[in-house]
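Here is how the chains run, residue by residue.
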Amino acid sequence: MNTQSYYLGVDIGTTSTKSVLFNKKGELITKHTINYPLHTPNQLVAEQNPEEIFEAVLGTIREALRKSHIQPEDLQFVSFSSAMHSLIAVDEHGELLTNSITWADTRSSIYAKDIKENQNGHEIYLRTGTPIHAMSPLSKLVWLKAEQREIFDQTAKFISIKEYVFHKLFGEYIVDHSIASATGLFNLEKLDWDEEALAVADISTDQLSDIVPTTHSISGLKEEYIKFLGLKENTPFIVGASDGVLSNLGVNAIDPGVIAVTIGTSGAIRSVTNKPTTDPKGRIFCYALTEDHWVIGGPVNNGGMVLRWLRDEFAAAEVETAKRLGIDSYDVLTKIATNVPAGSDGLIFHPFLTGERAPLWNSSARGSFFGLSIHHKKQHMVRSVLEGIIYNLYTVLLALEELTGEPKRIQATGGFARSEVWRQMMTDIFDKPVVVPESYESSCLGAVVLGMYATDEIEDFSIVSDMLGHTHTHEPVAETSAVYRELLPIYIRLSRSLQEEYDSIAEFQRNHIQ
C-alpha cells in the first residue's frame, strides 16, 4: 500500500492555538484554530488560563488530524511553536498557583526599571539576550516575590505555557533553548541558566525545567491523550522553538542579510546570525533557533491588536457594512484607508496602546494622534493607524541595520499580509521591495521544517525555499516613499521627546484608573 508522509505543526499563540498539517512538499493539507481570551481586567494585567490553552492544543491537533483522514502511521511527528515570555507558577504536584502571565502583562514595570538601573541589568541583558522589560520572566519573578510572596514561596516550578503543555502530555518539565533564551535567565554562550540572573530573581535551577535543544524529540504520550488524539503510541513530539524564530525559518529568512517582518497580534523584525549577538544600546533581543542559528531583532507590542481596537471602538458602521456584504471588517477598514493620500495629510499616530518594547523598551509609552486638524476625518485616522504601526517597525529596522547592515531582502508574514493595501504601505515606508509568501502559516511551517531537521529527514534548512510556494513581491512607489521620508523623522523625534511625559501619564493612570 502506498503511504505518504505528513507533519503537524502546532503554534501556541497569544490569542489562539492552531495546528496545521503539511505534506512533504510543504502544502497545507488541513488546519484548525481555537481562540481563547486574554484576561485584561485593567491596563496592567494580561493573563490567560493555562487549562484553556491546553484544551485548545488538544482540540486543534485532534480536529486537524480528523479533517485530514490520514492514517496515524502516516504522521511522522508533531512539532511545536509557542509564544514567548509567559510565566506560570506550579506547586510540587504540578497544580497551578497562577494563571499564565503573558508578555503583555506590565505589572512588573517598576521592578524592571530597578533591575536595569540598580542590579546590573545591562550586563545581564548582554549575556541573556532579553532586554530588561516588564515582558521578561526575570522581571515578573521579581514582581511576584515582592507582591505575591505567599505564591512565590509555594512554587516548586516556574514554567512557560509550552512547558505546562509538555508536562501535561508527558509528565516531564523540559524547556527548549529558544523559549529559555526569552526568559532573561539563560546565558546564551553557556547554554545554561545565568547565575547572576537567578540571584536577582532569587530562584534556584531546581525551580526551572531541564534545558533541551529545540530539536529534542520526546515520545511516551500519556495513554489518555493517545486515544483522544488518535495517534499511534510512539508518535514523536518535537519540543520545537518560539514562534518568532520559527517564523523566520518558515518564510525562508535564515540567510545573513534577510529580514523577516511579522505583524500578527503584536509584531517583530528579525534576522539570523550564526552566533549570539546583543546590542550595546540594549535595543534588540537575541533568541536561539539552533546552536548555529540565532535570531536577533525587535518585538513590538502593538500590531494587529491596535487595528482591532480601532475597529471595535470606532468602526461600528463599517463592521455592520461588512456583515451585510459578507466580507471581512478589516477589508472594509483598509479600503477606507485608500481614500486618503499617503501620510494621512500630516496625521501621525503613535501606536503605543500597550506600552512598547522595541525600540523604546518603555512600558509607560502611550498612544497618541499628532497633527490632528479640523479637516481630518475617520478615514485619515484609519490610515494613520495603519501607517503608525509600520512606522514603529521601521524604527526597529533602523536599529537592526546598525548591527547587521542594510538588508538584502525583506520577507513579510502574519495576518497583515492578507491585506494588499497594508503590504504596499510597508513597502513604501521601508522604501525597499517586500516579498510575501503565499502561505501565512510561517510559525507552523517553521516548526515542521525544524522537526524534519530533528528527525534527520533533511540535512539543513534549504528545503524551506521549495516549500514556500508562490510569493508576491511589492516594489516601492518613489513618490509615496518620498512623503514618508518627510514624516518619519517627525515620528521618531516625537517618541523620543515624550519619554518623560509617558512616565507621567502612566503614573496618573496607575493611580486613578481602576
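Structure first, text after, so check above.
Bear in mind the structure is a predicted one, so any value in this text is a computation, not a measurement.

A.B. asks: Quick question: what am I supposed to make of the layout of surface pockets here?
C.D. replies: Once rolled over the atoms, a probe with the size of a water molecule shows which space is left empty. The volume enclosed by the largest pocket comes to roughly 1,400 Å³. Forming the boundary of the largest pocket are 50 residues, of which Ile263, Gly264, Thr265, Gly414 and Gly415 lie nearest the centre. Among the elements that take part in the lining of the largest pocket, helix H11 (residues 304-314) stands out by supplying five residues, more than any other. When its residues are assigned to classes, the lining of the largest pocket shows 16 nonpolar, 22 polar and 12 charged.

A.B. asks: Sorry if this is basic, but what is going on with unusual backbone geometry here?
C.D. replies: Peptide bonds are, in most cases, trans, and in most cases residues other than glycine have a negative phi. Pro359 follows Ala358 through a cis peptide bond whose omega is -5 degrees. Mapped onto the elements, Pro359 comes out in the loop between strand E19 (348-350) and strand E20 (368-370). Of note, the phi angle at Ser344 is positive, near 50 degrees, even though the residue is not glycine. Tracing the backbone shows Ser344 in the loop between helix H13 (329-337) and E19. In this structure, Trp361 takes a positive phi of about 50 degrees despite not being glycine. Assignment of secondary structure puts Trp361 in the loop between E19 and E20.

A.B. asks: Can you help me understand the pairing of strand E2 (residues 16-23) in this one?
C.D. replies: Of all eight residues making up E2, eight are buried, and the element is well covered by its neighbours. Side chains Ser16, Lys18, Val20 and Phe22 project from E2 onto one buried face, and the interleaved Thr17, Ser19, Leu21 and Asn23 project onto a second face that is buried too. Bridge analysis of strand E1 (residues 6-12) against E2 gives seven bridges, and the strand direction is antiparallel. Its bridge partner lying in E2, Gly9 is registered against Val20. Where E2 folds back onto strand E3 (residues 28-35) in an antiparallel hairpin, the turn is made up of four residues, including Gly26, whose phi is positive at roughly 85 degrees.

A.B. asks: Would you mind going over empty space enclosed by the protein with me for this structure?
C.D. replies: Inspection of the entire model under this criterion finds two cavities of 30 Å³ or more. Taken as a whole, the largest cavity spans an internal volume of roughly 100 Å³. Along its surface, the largest cavity is lined by 14 residues, and Phe158, Ile159, Glu163, Thr183 and Leu208 are the ones closest to its centre. Residue classes in the lining of the largest cavity are distributed as 10 nonpolar, three polar and one charged. In this structure, the second largest cavity spans a volume of roughly 90 Å³.

A.B. asks: I tried to follow the pattern of salt bridges on my own but got confused; where do I start?
C.D. replies: For side chains bearing opposite charge, pairing can occur when the charged atoms are close. Taken as a whole and assessed by the stated rule, the structure comprises 20 salt bridges. Ionic pairing is found between Glu47 and Arg107, a salt bridge with its closest N-O pair at 2.7 Å. Taken together, the positions of Glu47 in strand E4 (residues 47-48) and Arg107 in the loop between strand E7 (100-101) and helix H2 (109-118) put the pair 60 residues apart, joining distant regions of the chain. Each member of the pair, Glu47 as well as Arg107, carries the same accessibility label: buried. In this structure, Glu402 and Arg283 form a salt bridge, with 2.9 Å as the shortest nitrogen-oxygen distance. Linking Glu402 in helix H14 (residues 378-404) with Arg283 in the loop between strand E16 (267-273) and strand E17 (285-290), this pair joins segments that are 119 residues apart in sequence.

Thresholds, definitions, all that
Residues numbered from 1 in each chain as written. Predicted model: local features only at pLDDT ≥ 70, side-chain atom pairs only at ≥ 80, totals over all residues. Heavy atoms only, no water. 1 Å grid on protein atoms, 1.4 Å probe; cavity = no way out; pocket = protein on both sides within 12 Å on 5 of 7 lines; lining within 4 Å. Points joined across faces, edges and corners; volume = space filled by probe spheres on them. Helix = DSSP H or I, 4+ residues; strand = E, 2+ residues; numbered from the N terminus. Nonpolar A, V, L, I, M, F, W, Y, C, P; charged D, E, K, R; others polar. Buried < 20%, exposed > 50% of the residue type's maximum accessible area, 1.4 Å probe, protein only. Pairing = 2+ DSSP bridges. Salt bridge = Lys/Arg side-chain N within 4 Å of Asp/Glu carboxyl O.

Geometric descriptors of this kind do not, in isolation, establish any biological role.
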